Amino acid sequence: MLSGRMAYFTNPAISRESLKIILGNFEVIPEDHRLKLWMTAILQLPNNKTQYLKLRKAGQKLDSSVKLLEDDKIGNEAKVCNQVLKSLFAHCSSLRQFNHFNLADFVEPFSGLLVSHELIYFEVMLTILVNWCQHWFDHIPLPPYTLLSMLDIIFLKNHPELYKHLSNLGIRAIDYAWRWLSTSFKTIVDPQEWLIVWDHILVNEPNFMYFIPLAACKLQSRDLMELSTHSEIMEMLHSTIPLDANSLLKEAYKMCDATPVELQLSQMHHFHPLIPGYYPTLNPTDLITFHSTENSDLGN
């Protein structure tokens with residue numbers, strides 16, 4: 001008989017909202033249930049096989065200038081990841097223009113969970129890009145300066161002393177947060193806990209993700225306040241010493257709850273799942289299109 005805890009995660013009626021409450025109490029999704037919950041209750045993937053096969057075919061025709069993983073490094077995982085990357089590049093041409101964002105660095109960490117399911121892998125990554133990464137494409141080929149500058153305002157509101165210390169040394173959110181965001185946080189938490197962090201990111205609205213880099217910085221505040229040069233601080237922030245996921249998430253929730261609504265990245269829309277029969281596109285000016293267009297070669 002299933003324990004009460006396990007029954008939470010096997011209930012077919014479980015929803016994003018109920019999972020958010022469960023994870024808010026710092027329960028952990030069992031590894032053998034994570035993929036199914038990401039596919040269904042959390043991201044509500046449409047399984048657009050016909051549309052994906054068209055993209056997959058188009059991805060095979062891309063020129064060699066797109067940045068992929070080296071196939072000989074991690075075998076089959078790299079091959080599947082590269083196919084997903086090609087499909088994303090084929091569908092979202094703006095990704096090829098983004099000089100300050102290596103899509104492979106963002107997508108590759110998810111391969112451990114998704115490598116056996118190429119279609120699911122693609123739909124998870126596209127869902128994340130159009131929801132949690134909205135406004136990343138505002139200033140292509142440059143990083144999203146406007147969005148990242150909002151993080152400075154949030155950090156100043158929550159931790160003014162640390163913010164001013166960093167600011168006086170010429171360090172802003174773009175100097176550390178963008179690196180962590182664009183590599184899907186793989187360098188700041190232990191690999192064994194990385195998926196736990198993403199469980200929390202995905203059950204929350206997209207703006208919650210942006211409290212993760214601020215929380216990571218805050219957790220190192222004692223050491224950062226003792227450093228007096230730009231280079232020392234950047235070396236510490238870019239070190240590979242992982243943070244405890246539980247502490248990181250607690251600080252992110254604390255900061256999110258303490259931030260006034262008017263500073264909560266209100267320009268970001270709420271989560272929208274992908275819809276059956278159509279994939280939304282990314283565009284440098286009109287970022288996300290959720291409605292089908294008759295002129296889309298790949299989305300229909």
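Reading guide: rules and limits
Residues numbered from 1 in each chain as written. Predicted model: local features only at pLDDT ≥ 70, side-chain atom pairs only at ≥ 80, totals over all residues. Heavy atoms only, no water. Axes fitted to C-alpha atoms, helices over the stretch in contact; angles between N-to-C directions. Helix = DSSP H or I, 4+ residues; strand = E, 2+ residues; numbered from the N terminus. Parallel < 35°, antiparallel > 145°, perpendicular 65-115°, else oblique. Left-handed = near helix turned anticlockwise from the far one by under 90°. Contact = heavy atoms within 4.5 Å. Nonpolar A, V, L, I, M, F, W, Y, C, P; charged D, E, K, R; others polar. Salt bridge = Lys/Arg side-chain N within 4 Å of Asp/Glu carboxyl O. Buried < 20%, exposed > 50% of the residue type's maximum accessible area, 1.4 Å probe, protein only. Polar contact = N/O pair within 3.5 Å; in protein donor to acceptor, adjacent residues only side chain to side chain.

Peer 1: I tried to follow the packing of helix α12 (residues 173–182) against helix α14 (residues 211–219) on my own but got confused; where do I start?
Peer 2: Helix-helix packing is characterised by the crossing angle of the two axes and by the distance between the axes. The interhelical angle for the contact between α12 and α14, taken along N-to-C directions, is 125°, at an axis separation of 9 Å. In this view, α12 runs oblique relative to α14, as classed from their interaxial angle. For the pair α12 and α14, the crossing hand works out as right-handed. The segment α12 lies against α14, with Y176, A177, W180 and L181 engaging P213, L214, A216 and C217. Of the residues belonging to the contact of α12 with α14, the class tally is eight nonpolar, no polar and no charged.

Peer 1: Explain the pattern of salt bridges here, please?
Peer 2: For side chains of opposite charge, pairing can occur when their charged atoms come near one another. Taken as a whole, this structure holds two salt bridges when the rule is applied. The residue R34 makes a salt bridge to D199 at a minimum N-O spacing of 2.9 Å. Pair noted here: R34 is in helix α3 (residues 31–42) and D199 is in helix α13 (residues 194–203), with a separation of 165 residues, a long-range link. For R34, a relative accessible area of 4% gives the class buried. Across the salt bridge formed by R56 and E118, the nearest N and O atoms sit 2.7 Å from each other. With R56 in helix α4 (residues 49–59) and E118 in helix α9 (residues 118–131), this residue pair connects regions lying 62 residues apart in the sequence. Looking at E118, the relative accessible area reads 18%, which means it is buried.

Peer 1: In this structure, what is going on with the side chain of H159? I would like to understand it.
Peer 2: Inspection of the secondary structure puts H159 in the loop between α10 (145–158) and α11 (160–168). Of note is the side chain of H159, whose polar atom sits 3.4 Å from the side chain of E251. Those residues within four positions of H159 in sequence are excluded, and the remaining contacts are K218, E251 and M255.

Peer 1: Hey, could you run me through unusual backbone geometry in this one?
Peer 2: Phi is mostly negative for residues that are not glycine, and the peptide bonds are mostly trans. Between I140 and the following residue, P141, the backbone shows a cis peptide bond with an omega angle of 10°. Counting through the fold element by element, P141 comes out in the loop between α9 and α10. Phi is positive for Q44, which is not a glycine, with a value near 55°. Q44 gets classed as partly exposed once you look at its relative accessible area, which sits at 36%. Located in the positive-phi region is N47, a residue other than glycine, with phi close to 55°.

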